Amino acid sequence: GTDSGEASIGDTSEVLTINNATLAADSTYTLTVGSNSVTTAALADNNIATLVSAIEAADGYDALGCTVTGTGSALTLTWTSPLEAAVSLSLVATSYNTSSADNGTEKTAGSDGTIPEVVTTQGVDATDASDSNPVNDGWDVITGFDATAGDTIKLPGNTIATTATGMTITNGVVTAFDSATEFADKVEAVFTGLAATTDVVAFVDNGNTYVCMGDGKAGASETDIMVELQGVELTELTNTIVVNS
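Figured I'd write up the structure that's included with this text.

Rules used in this analysis
Residues numbered from 1 in each chain as written. Predicted model: local features only at pLDDT ≥ 70, side-chain atom pairs only at ≥ 80, totals over all residues. Heavy atoms only, no water. Helix = DSSP H or I, 4+ residues; strand = E, 2+ residues; numbered from the N terminus. Buried < 20%, exposed > 50% of the residue type's maximum accessible area, 1.4 Å probe, protein only. Contact = heavy atoms within 4.5 Å. Areas by Shrake-Rupley, 256 points an atom, 1.4 Å probe, with all protein chains shown as cover. Pairing = 2+ DSSP bridges. Core = buried A, V, L, I, M, F, W, Y, C linked by side-chain atoms within 4.5 Å. Phe/Tyr/Trp six-rings, centres within 6.5 Å; stacked < 30°, edge-to-face > 60°.

1. What about the overall build of the chain?
Of the regular secondary structure elements, the chain holds two helices and 17 strands. For the chain, the proportion of its 245 residues judged to be buried stands at 48%. Here the contacts in the chain between residues at least 6 apart in sequence split such that 58% fall between residues at least 24 apart. Looking at the chain as shown, the accessible area adds up to about 10,600 Å², and 45% of this sits on carbon and sulfur atoms.

2. Focus on the pairing of strand β4 (residues 28-33)
Within β4, five of the six residues are buried, which leaves it mostly tucked inside the rest of the structure. Here β4 runs beside strand β5 (residues 36-39); their pairing, made up of four bridges, is antiparallel. For Thr-30, the partnering residue across the bridge sits in β5 and is Thr-39. Counted between consecutive antiparallel strands, the loop separating β4 from β5 contains two residues, among which Gly-34 sits at a positive phi close to 65 degrees.

3. Some words on the nonpolar core
Core analysis: the largest hydrophobic core is formed by 27 residues, its most contacted members being Leu-31, Leu-51, Leu-75, Leu-77 and Trp-79. Listing elements by their share of this core, those giving two or more residues are β3 (15-19), β4, α1 (48-57), β7 (74-78) and β8 (89-95). Sorting elements by how many residues they give to this core places α1 first, with five residues. Other than its neighbours up to four places away in sequence, Leu-75 contacts Leu-16, Thr-17, Ile-18, Leu-31, Ile-48, Leu-51, Val-52, Ile-55, Val-68, Thr-69 and Leu-91.

4. Notes on the packing of aromatic side chains
Under the criterion given, the structure shown has four aromatic pairs. Between Phe-177 and Phe-203, the aromatic rings sit 6.0 Å apart at their centres with planes inclined by 80 degrees, giving edge-to-face as the arrangement. In this pair, Phe-177 sits in strand β13 (residues 173-177) while Phe-203 sits in strand β14 (residues 200-205), placing the two residues 26 residues apart along the sequence. Phe-203 carries the same exposure label as Phe-177, and that label is buried. Relative to Phe-203, the ring of Phe-183 lies with its centre 6.0 Å away and its plane at 45 degrees, an arrangement referred to as tilted. In this pair, Phe-183 sits in helix α2 (residues 183-194) while Phe-203 sits in strand β14, placing the two residues 20 residues apart along the sequence.

What follows is the structure, encoded as structure tokens:
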């Protein structure tokens, strides 16, 4: 996951704080307190007060045994009495923002406490522009993405593709191309194969996974979406890609 704050760990006082929480609109967050955790709905904005409200509304909040408040970029947890034992805290982004990505920008998950904005606003209308596209090296690169920790990407595509011309797809990931062998040929084959759909499919090349969503027109163009998960080789998309979001 993506740590979005640093916690005081091992402290048994009644007030503990997660500092430097960097938030993103449309992302969801999991707050873990000891053995209990809650996951928020997607945030409407990146304000700490919005996060607090989302935590309070999340299932399992009462089981945390503390109240949550926020000021600036700090999330403060307060117990009614000092803790009897040390407790660890973490605030993790579990689903990344799908808007406002920078064209061709590398995003880092986990290493510096930031939450990457993964892809761009992309409606079902094929004329909408994408800022993370497969043309002219325009796609975003995500480092530190960890599907095993529950990291996900939300996309507005209709569905995860199960079949497409020119390739074999298993669990949303291309396992073989009919003829494409070079990277550029694979990109073109994917977006040609998606044809007139906004479906989502991924392929692996040179140790990286490329998640692709069509714009409703065959062939790679600036209105398609492609995002690179660096150093990740996905074998399925069911638990990683959230469509119709």
